[in-house]
Amino acid sequence: MARGGVVGLSAEEGTALFDATLHAPHPVVLPMKLDFTALRAEAADGSVPPLLRRLVRQGRRTARAGGGADALAERLARAGAADQEQILLDLVRQEAAAVLGHSSAATVRPDLAFKEVGFDSLTSVELRNRLANRSGLRLPATLTFDNPTPTALAGYLRSVLCPEGGPAPDDGPGVPEAELRRVLATAPLDRLRDLGVLDAVRPLLDDAVEGPADGAAEALAGMDVDDLVARAMSKAGK
């Protein structure tokens, strides 16, 4: 509660405020003690409760939130499926530890339910808000109830942020084999020379079946990508 900017009242303070409200002209009052330094810190990462948002400036929160979401999206775009899951699991554990007031994410086990480590309705909403700020997503209030462990929650986030799983960095350009065979078989030699790949491709034509050029091109077109690469590299290494 103190981290959210609301400071506890002593018995004397509470009694004095209660007495003051009895004589106040306003029909409804809420006696409370606020820590505006903590509120401003919460505003910076987008975690201020809606009731208190008009008490602090929210301008920089939006810019910082956008930057965090962009950075996360960039990391996920460069990662393979397994790395994406680990990135998001680390994020969930870090934010969960922060909500619980722990100094290390290691205190939040990936397979342990949130309610078993101390989460209730209020802290679950706070975790939702922090993850929404970091990811740029609109997340449901029932997020931790629908996804009761950090692992399950990370999986949910990945399904939303990376619906196709994202290409792994070593997946290659994804050129269809048929298209690659067609281009290599029909490309003019001058064009291959201009591109600087003639020396690598020439051995494929030289080793093709004996006959006219059309036969060599037909043989080359019948090779798959592995054969094309293997033969080109073997010739280049001689």
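What you see is a predicted model; the values in this text were computed from it and never measured. In this numbering scheme, every chain counts its residues from 1 along its sequence in written order. Under the rules for a predicted model, residues below a pLDDT of 70 receive no local features and side-chain atom pairs below 80 are neither given nor counted, while totals for whole chains, interfaces and linings still include all residues. Water and hydrogen atoms were dropped before computing side-chain values, which therefore reflect all heavy atoms in the structure.

> Go over the confidence of the model for the chain with me, naming the residues and quoting the values.
pLDDT expresses how confident the predictor is about each individual residue, on a scale running from 0 to 100. Counting all residues, the mean pLDDT for the chain is 74, and 58% of those residues have values of 70 or more. Within the chain, no element has a lower average pLDDT than helix α11 (residues 213–221), which sits at 52, and none a higher one than helix α7 (residues 150–161), at 93. Note on contacts: a residue pair qualifies if any of its non-hydrogen atoms lie within 4.5 Å across the two residues. A low-confidence stretch, residues 165–173 (pLDDT under 50), is modelled with ten contacts involving residues beyond four sequence positions or located in other chains. Considering only residues more than four positions removed or in separate chains, one finds that residues 207–213, a stretch of pLDDT under 50, has six contacts. Only DSSP runs of H or I with at least four residues qualify as helices, and only runs of E with at least two residues qualify as strands; both kinds are numbered from the N terminus onward.

> Could you give me a rundown of the packing of aromatic side chains, with the residues and numbers involved?
In summary, the pairing rule links any two rings of Phe, Tyr or Trp, Trp by its six-membered ring, whose centres are within 6.5 Å, and it sorts them by plane angle into stacked for under 30 degrees, edge-to-face for over 60 and tilted for everything else. For the coordinates displayed, the defined rule picks out one aromatic pair. Measuring from centroid to centroid gives 5.3 Å for F114 and F119, while their planes differ by 80°, and the two rings are edge-to-face. F119 matches F114 in its accessibility class, with the two residues each being buried. Only protein chains enter the area calculation, which uses a 1.4 Å probe; residues under 20% of their type maximum are buried, those over 50% are exposed, and those in between are partly exposed.

> I'd love a proper account of the environment of R128, names of residues and values included.
With respect to the helices, strands and loops of the structure, R128 is situated in helix α5 (residues 121–135). For the pair R128 and E95, spaced 33 residues apart in the sequence, the C-alpha separation amounts to 9.3 Å. With sequence-adjacent residues up to four places away left out, R128 is seen in contact with L139, P140, A141 and L143.

> Break down the pattern of salt bridges for me, citing the residues and quoting the values.
Side chains that carry opposite charge are capable of pairing whenever their charged atoms lie near each other. One side-chain nitrogen of Lys or Arg within 4 Å of one carboxyl oxygen of Asp or Glu is enough to make a salt bridge. Across all of its chains, the model carries six salt bridges by this definition. Between K33 and E13 there is a salt bridge, and its shortest N-O distance comes to 3.1 Å. Within this pair, whereas K33 is found in strand β2 (residues 33–34), its partner E13 is found in helix α1 (residues 11–22), the two being separated by 20 residues in sequence. Residue classification places E13 among the partly exposed residues on the basis of a relative accessible area of 30%. What you see here is one network of salt bridges that share partners, running through E95, R130 and R134.

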